[in-house]
Amino acid sequence: MIRNDDYLKNIPAFSQLNKETLEKLQKAGELFEIKKGNMLFFEKDVVNKIYIILRGKISIFRYSQKAQRRVIYILGDGEFINEVIFDDLPSSVNAEAFEKSILLRYDKKDLEEIMKSDFQLTKNITNSMGKKVRRLYRQIKNTIPLSLDKKVAAKLWKLSKDYGINCDLNGFNCINFSDECTPWTGINFNLTITYLADMLGSSRESVSREMKKMESKGYLKWEGKKLLVKREELRKFYREI
């Protein structure tokens, strides 16, 4: 379990804050654990809590009109899950634990009061929302003009950028991620083809075919349940005209 006196420093939105604000945040926040597969909240729920990931990953998704799950984000350590609920509207997404996670939650009104007393905190949370918007813009750009093989390559490249650890040729004998080391980068969670298909809004069968093609070209390989990719080759492939 994360110690009560050091968890705030792992949250980017709480950086550069004065001691008084940090004390208020520590006093107002509540730590709790959520197990893999459990729902944090559902679409159209009225949510009065703000959630932040201290350790783990949370999947944010919606369902299409055909009841197909479409993953919007996989959020990781230090990220806000739902800062957009400050608008007092029901949630527009579902939030599920992708893996066992430790979260920090605040009552929305309590966090709003702390934000009123420290503009830096307000600015940091606004920047957090801005990063999510930019990620959505990139997803839209990669969704519309690309064929499925390039969508798959682009998504794998992005996942390896966000969650990559550098590996030697024997698999997951890993060190901290660095583009300057071996050509193989491991995606540091159990990414299934079904889940990748949910992220791309495509069928599992179609995504599986494209993955096999990329594997035959040497762009990726499986080590047990872990996926290793060659980031530079993927980048060049999805940027080809």
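In case you missed it, the structure is sitting above this.
Asker: What should I look at first to understand the environment of M129 in this one?
Answerer: Counting through the fold element by element, M129 comes out in helix α3 (residues 119-143). Along the chain, M129 and F80 lie 49 residues apart, while their C-alpha atoms are 8.5 Å from each other. Residues contacting M129, with those up to four places away along its chain left out, are E83 and V84.

Asker: Got a minute to help me understand the pattern of salt bridges in this structure?
Answerer: Working definition: two side chains of opposite charge can pair if their charged atoms are close together. Here the structure, examined in full by the defined rule, presents 11 salt bridges. The closest approach of N and O atoms between K158 and D162, which form a salt bridge, is 2.5 Å. A residue pair is termed a helical-turn pair when its members lie 3 or 4 positions apart in one helix, as K158 and D162 do in helix α4 (residues 148-163) at 4 residues. Since its relative accessible area comes to 34%, D162 is described here as partly exposed. Salt-bridge contacts for K213 lead to E210; the nearest nitrogen and oxygen are separated by 3.7 Å. With K213 and E210 both in helix α6 (residues 204-216) and 3 residues apart, this pair spans about one turn of that helix. Using a relative accessible area of 46% as the deciding quantity, one classes K213 as partly exposed. For E210, a relative accessible area of 13% puts it in the buried group.

Asker: Whenever I open this one, the sheet that holds strand β3 (residues 49-55) confuses me. Can you help?
Answerer: Two pairing modes exist for strands in a sheet, parallel and antiparallel, and in both the strands are linked by backbone hydrogen bonds. Taking strand neighbours across the sheet as the criterion, the 3 strands line up as β1-β7-β3 in an open arrangement whose pairing is antiparallel. Both edges of this open sheet fall to β1 (30-34) and β3, since each of them pairs with a single strand only. Sheet twist, expressed as the mean angle between neighbouring strand axes with direction ignored, is 35°. The sheet contacts of helix α2 (residues 108-117) involve β3 and β7 (101-107), and relative to β7 the element is tilted by about 75°.

Asker: Which parts of the structure should I look at to understand the packing of α4 against α6?
Answerer: Any two packed helices are characterised by the angle at which their axes cross and by the distance between the axes. Where α4 contacts α6, the two axes come as close as 10 Å, and the packing angle between them is 75°. In terms of orientation, α4 lies roughly perpendicular with respect to α6. Taking contact as the criterion, the partners of L148, D149, V152, A153 and L156 in α4 are, on α6, S206, V207, E210, M211 and M214. Its residues assigned to classes, the contact of α4 with α6 shows 7 nonpolar, 1 polar and 2 charged.

Asker: Please clarify how the side chain of E96 should be interpreted in this entry.
Answerer: By secondary structure assignment, the location of E96 is in strand β6 (residues 94-97). Here the side chain of E96 touches R69 through a polar contact of 2.7 Å, side chain to side chain. Not counting the four nearest positions on each side in its chain, E96 is found in contact with G37, N38, M39, I58, S59, F61 and R69.

Asker: What should I look at first to understand the packing of α4 against helix α5 (residues 193-200) in this one?
Answerer: Where α4 meets α5, the axes come as close as 11 Å, and the angle between the chain directions of the two elements is 105°. Of the possible angle classes, the one that applies to α4 and α5 is roughly perpendicular. Contact residues: K151, V152, K155, L156 and L159 in α4; L196, M199 and L200 in α5. Residues that form the contact of α4 with α5 fall into these classes: 6 nonpolar, no polar and 2 charged.

About the cut-offs
- Residues numbered from 1 in each chain as written.
- Predicted model: local features only at pLDDT ≥ 70, side-chain atom pairs only at ≥ 80, totals over all residues.
- Heavy atoms only, no water.
- Helix = DSSP H or I, 4+ residues; strand = E, 2+ residues; numbered from the N terminus.
- Contact = heavy atoms within 4.5 Å.
- Salt bridge = Lys/Arg side-chain N within 4 Å of Asp/Glu carboxyl O.
- Buried < 20%, exposed > 50% of the residue type's maximum accessible area, 1.4 Å probe, protein only.
- Pairing = 2+ DSSP bridges.
- Axes fitted to C-alpha atoms, helices over the stretch in contact; angles between N-to-C directions.
- Parallel < 35°, antiparallel > 145°, perpendicular 65-115°, else oblique.
- Nonpolar A, V, L, I, M, F, W, Y, C, P; charged D, E, K, R; others polar.
- Polar contact = N/O pair within 3.5 Å; in protein donor to acceptor, adjacent residues only side chain to side chain.

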